[in-house]
Amino acid sequence: AFVPLACCWESYRAYLYRLEEERRRREVLHLIDEGMCVVDRAGQVTLWSDALARIAGCPRERALGRSIADAVPALASSALPRKMQEVAAQGSGCAVQVELPATKGSRVVEVRIVPVSEGLSLLWRDVTERARVERTLKRSEERLAPAAEGAIDGLWEWDLRTQGFYV
């Protein structure tokens, strides 16, 4: 009677250990601003962090056991699935920017794809604000470029060799 009871106790203890391990892993991942997911060799999501659920607008329950394109349909037409295949084939990581639709416009997300022993690890960072600032800066540069060229035309400078002014 003791042996079955001991086996049940060991199984229960192992179950409690796995639960505690999962709780600690989620606690650490919750503190990180970057989202993280792990995809196995078959392309199925095995880990989906809370931060990624917020960034992608996809709850963990909908992502686990599915491909990323199935979990977040907007990613199916992006460069992400192709880059994931390239990284899996070549074994070297890369980064790609993708746009995700959101309720208040779209979000720009930088995804770093890193090969790991069991598949791929994807680290997601929301770079929407940085992308918006870069677009605004580029538009300003394009708009002000003609004015800058015209301003240089009217400047006179002193030439030390000829001891005279030149344009």
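Some thoughts on the pattern of salt bridges
No. 1: The final tally for this structure, using the stated rule, is 14 salt bridges.
No. 2: Across the pair Arg-82 and Glu-86 runs a salt bridge whose closest N-O atoms are separated by 3.1 Å. Of this pair, Arg-82 and Glu-86 are both found in helix H5 (residues 80–90), 4 residues apart, which corresponds to roughly one turn of the helix.
No. 3: The exposure class assigned to Arg-82 is partly exposed, which follows from its relative accessible area of 44%.
No. 4: A relative accessible area of 29% means that Glu-86 is categorised as partly exposed.
No. 5: Between Glu-110 and Arg-130 there is a salt bridge, with its nearest N and O atoms 3.6 Å apart. One end of the pair, Glu-110, is in strand E4 (residues 105–116); the other, Arg-130, is in helix H6 (residues 128–153), and 20 residues separate them in sequence.
No. 6: Look at Glu-110 and you get buried, because its relative accessible area is 19%.
No. 7: Given the relative accessible area of 38%, Arg-130 is considered partly exposed.

Some remarks on the nonpolar core
No. 1: Counting residues in hydrophobic clusters, the biggest one holds 25 residues, and the most contacted among them are Trp-48, Ile-68, Leu-80, Val-111, Ile-113, Leu-122 and Trp-124.
No. 2: Listed by contribution, the elements that provide at least two residues to this core are strand E1 (35–40), strand E2 (45–48), helix H2 (50–56), helix H4 (68–71), H5, strand E3 (94–102), E4 and strand E5 (119–126).
No. 3: The contact partners of Ile-68, leaving out residues within four places of it in the chain, are Cys-37, Val-39, Gly-43, Val-45, Trp-48, Leu-75, Leu-80, Met-84, Leu-122 and Trp-124.

A few points about the sheet that holds E4
No. 1: Reading across the sheet, the 5 strands line up as E2-E1-E5-E4-E3 and stay open at both edges, with antiparallel pairing between neighbours. Edge strands, defined here as strands with exactly one partner in the open sheet, are E2 and E3. With strand direction ignored, the average angle separating the axes of adjacent strands in the sheet is 25°.
No. 2: Here E1 runs beside E5; their pairing, made up of 6 bridges, is antiparallel. If you follow Val-39 over to E5, its bridge partner there is Leu-120.

Focus on a nonpolar patch on the surface
No. 1: Together, Trp-9, Tyr-12, Tyr-15, Leu-16 and Leu-19 make up a nonpolar patch on the protein surface, roughly 520 Å² of accessible area in all.
No. 2: Tracing the backbone through its elements, the reader meets Leu-19 in helix H1 (residues 2–31).
No. 3: Leu-19 gets classed as partly exposed once you look at its relative accessible area, which sits at 43%.

Concerning H5
No. 1: Taken together, the buried positions of H5 are Leu-80, Met-84 and Val-87. Each buried residue of H5 lies within a common arc of 65° when the element is viewed along its axis, so the set occupies one face. Residues of H5 that are exposed and point more than 90 degrees away from the buried face comprise Gln-85, Ala-89 and Gln-90.
No. 2: Buried-residue contacts for H5 involve E1, H4, E3, E4 and E5.
No. 3: One or two positions beyond H5, positive phi appears at Gly-91, with a value near 80°.

Definitions and cut-offs
- Residues numbered from 1 in each chain as written.
- Predicted model: local features only at pLDDT ≥ 70, side-chain atom pairs only at ≥ 80, totals over all residues.
- Heavy atoms only, no water.
- Salt bridge = Lys/Arg side-chain N within 4 Å of Asp/Glu carboxyl O.
- Helix = DSSP H or I, 4+ residues; strand = E, 2+ residues; numbered from the N terminus.
- Buried < 20%, exposed > 50% of the residue type's maximum accessible area, 1.4 Å probe, protein only.
- Core = buried A, V, L, I, M, F, W, Y, C linked by side-chain atoms within 4.5 Å.
- Contact = heavy atoms within 4.5 Å.
- Pairing = 2+ DSSP bridges.
- Axes fitted to C-alpha atoms, helices over the stretch in contact; angles between N-to-C directions.
- Patch = residues over 30% accessible without salt bridge, like charges linked within 9 Å, V, L, I, M, F, W, Y side chains within 5 Å.
- Areas by Shrake-Rupley, 256 points an atom, 1.4 Å probe, with all protein chains shown as cover.
- Arc of directions from axis to C-beta.

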